[in-house]
Number of protein chains: 2
Amino acid sequence: MKEEALLQEHIAKHHLKVTKERSAILRAFIEAERHVTAEELYRMMREKHASIGLATIYRTLNLFCECGLAEQRQFGDGHARYELTYNVNHHDHLVCTQCKKIIEFENMDIEKLQEKVAKAHRFTIYSHKLELYGLCSDCAKSNSSLRKGKDELHAVRSSRSE
Amino acid sequence: MKEEALLQEHIAKHHLKVTKERSAILRAFIEAERHVTAEELYRMMREKHASIGLATIYRTLNLFCECGLAEQRQFGDGHARYELTYNVNHHDHLVCTQCKKIIEFENMDIEKLQEKVAKAHRFTIYSHKLELYGLCSDCAKSNSSLRKGKDELHAVRSSRSE
DNA sequence: ATGACTGCAAACCTTTTGCATAGCG
DNA sequence: CGCTATGCAAAAGGTTTGCAGTCAT
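Note that the structure is a prediction, hence the values are computed from the model and not measured. (Residues numbered from 1 in each chain as written. Chains lettered and ligands numbered in written order. Predicted model: local features only at pLDDT ≥ 70, side-chain atom pairs only at ≥ 80, totals over all residues. Heavy atoms only, no water.)

A.B. asks: Just give me the short version of the interface of chain A and chain B, but keep the residues and values in it.
C.D. replies: Each partner contributes residues to the interface: chain A has 36 residues there, and chain B has 36 residues. The contact between chain A and chain B buries some 3,200 Å² in all, and 70% of this surface belongs to carbon and sulfur atoms. When the buried area of chain A at its contact with chain B is split by residue, A:His121, A:Phe123 and A:Tyr133 rank highest and sum to 20% of it. Seen at the junction of chain A and chain B, the total is zero salt bridges. Taken together, the connections running from chain A to chain B amount to 10 residue pairs in polar contact (both at pLDDT 80 or more). Among the residues forming the side of chain A that touches chain B, the class breakdown is 19 nonpolar, 10 polar and seven charged. By the bridge criterion, 11 bridges tie strand β6 (residues 124–135) of chain A to strand β6 (residues 124–135) of chain B in an arrangement that is antiparallel. Opposite A:His128, over in β6(B), you have B:Leu132 as the bridge partner. (Contact = heavy atoms within 4.5 Å. Buried area = accessible area lost by both parts, 1.4 Å probe. Salt bridge = Lys/Arg side-chain N within 4 Å of Asp/Glu carboxyl O. Polar contact = N/O pair within 3.5 Å; in protein donor to acceptor, adjacent residues only side chain to side chain. Nonpolar A, V, L, I, M, F, W, Y, C, P; charged D, E, K, R; others polar. Pairing = 2+ DSSP bridges. Helix = DSSP H or I, 4+ residues; strand = E, 2+ residues; numbered from the N terminus.)

As structure tokens, then:
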């Protein structure tokens with residue numbers, strides 16, 4: 001599992017330590033739905049690792065971000081979401097503001113245009129965030145029957161390059 | 001001043017009230033640098049309107065957002081920033097992660113591609129956020145002399161459509 | 001052994017809210 | 001007048017931190 005290797009490299013380089021908590025959290029993080037909240041991960045782990053505290057989840061997720069395993073995202077609901085980024089193609093997000101569904105997409109043309117914009121401003125891009133907010137087809141349809149968007153957050157993987 | 005008209009229309013429609021605080025905050029908000037923090041606006045107003053409380057600033061900025069005068073943005077530093085959006089073309093942001101400079105840009109080609117992506121996913125877009133993070137030309141140059149990015153946030157208006 | 005990691009609870013910090021008062025319509 | 005807005009202070013809510021004990025190296 002390459003993710004563990006990356007983490008261990010970072011740990012060795014910074015005189016940190018491999019602990020069972022960190023290993024367990026990494027495993028859970030990899031298994032987890034994309035765009036997990038610290039709280040969600042915490043609850044996920046309550047069954048098999050009831051002793052792990054929420055503070056440790058936060059500390060460990062920050063560690064993952066530092067070593068490039070994860071990225072923190074802010075979709076505007078006040079909960080930071082963490083996303084595995086190692087060995088994953090960059091992608092952007094369609095966010096349904098009603099049912100909270102998150103659809104991922106890739107579009108190389110947009111990325112190229114971003115580079116063009118950056119170059120025009122003599123800017124060196126290290127990362128970017130593109131989020132499109134609106135209604136998914138389901139919610140657009142059932143818009144009149146306005147159900148409260150209390151569904152869980154799903155992530156639908158999908159590629160598209162046109 | 002059209003902004004005031006829009007605000008008054010919203011106020012009338014919702015049985016709200018025009019107060020001197022709201023008028024003063026609107027004026028300050030229009031004069032303010034783009035991407036103001038509630039706190040920044042609060043401090044800006046301390047001189048001429050010392051009695052206005054921070055809570056009112058927040059409540060009023062939220063009011064501005066509701067009537068379409070402003071938009072809230074989250075650039076990832078934990079402070080919500082508010083941006084006047086009325087009578088302003090939509091634009092996106094280049095954010096220098098070192099000196100915190102924010103450069104605005106417009107790019108219709110990217111917007112068109114976004115629409116295309118949305119259509120492919122049967123998604124109805126209401127808004128979007130595109131932020132490119134990296135180093136501006138100044139910081140890329142003086143990268144070795146790593147000065148702490150404590151500068152104020154500047155906004156440089158700029159258009160570009162290629 | 002040394003120094004990092006953990007759980008717990010307290011602290012933090014930005015934003016929101018409750019309440020009594022002030023003020024618009 | 002009735003009902004909204006305000007200021008203040010307290011609450012909220014997510015995230016971080018201090019501390020004493022635990023554990024990896």
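A.B. asks: For the packing of aromatic side chains, give the residues involved together with the corresponding values.
C.D. replies: All names here are of chain A. Taken as a whole and assessed by the stated rule, the structure comprises two aromatic pairs over all chains. Note on Phe 29 and Phe 64: the rings are 5.7 Å apart at their centroids and 35° apart in plane angle, and the pair reads as tilted. Residue Phe 29 is found in helix α2 (residues 20–31), and its partner Phe 64 is found in helix α4 (residues 54–66); the two are separated by 35 residues along the sequence. By relative accessible area, Phe 29 is classed as buried at 3%. (Phe/Tyr/Trp six-rings, centres within 6.5 Å; stacked < 30°, edge-to-face > 60°. Buried < 20%, exposed > 50% of the residue type's maximum accessible area, 1.4 Å probe, protein only.)

A.B. asks: How would you sum up the side chain of A:Glu104? Please name residues and give values.
C.D. replies: All names here are of chain A. Within the fold, Glu 104 resides in strand β5 (residues 102–105). Here the side chain of Glu 104 touches His 35 through a polar contact of 3.2 Å, side chain to side chain. Among the polar contacts listed, one links the side chain of Glu 104 to the side chain of His 91, at a separation of 3.4 Å.

A.B. asks: Requested: an account of the sheet that holds strand β1 (residues 36–37) of chain B, with residues and values cited.
C.D. replies: Residues and elements named next belong to chain B. Pairing is antiparallel in the open sheet, where three strands are placed in the order β1-β3-β2. Only two strands of the sheet have a single neighbouring strand rather than two, namely β1 and β2 (70–74). Here β2 runs beside strand β3 (residues 80–84); their pairing, made up of five bridges, is antiparallel. From the neighbouring strand, Glu 71 faces β3, where its bridge partner is Glu 83.

A.B. asks: Please set out helix α5 (residues 108–120) of chain B residue by residue, giving values where relevant.
C.D. replies: Taking 1.5 Å of rise per residue, the 13 residues of α5(B) would be expected to cover 18 Å, and the 18 Å separating its terminal C-alpha atoms lies within 8% of that figure. Residues B:Ile110, B:Glu111, B:Leu113, B:Gln114, B:Val117 and B:Ala118 constitute the buried set of α5(B). Down the axis, α5(B) shows its buried residues gathered within 160° of arc, on one side only. The exposed set on the far side of α5(B), more than 90 degrees from its buried face, consists of B:Lys112 and B:Lys119. Of the surrounding elements, those touching the buried residues of α5(B) are β4 (92–96), β5, α5 (108–120) and β6 of chain A together with β4 (92–96) and β6 of chain B. N-cap assignment for α5(B): the residue whose side-chain oxygen lies 3.0 Å from the backbone N of B:Asp109 is B:Asn107. A positive phi of about 50° marks B:Arg122, the residue just after α5(B). (Expected span 1.5 Å × (residues − 1). Arc of directions from axis to C-beta.)

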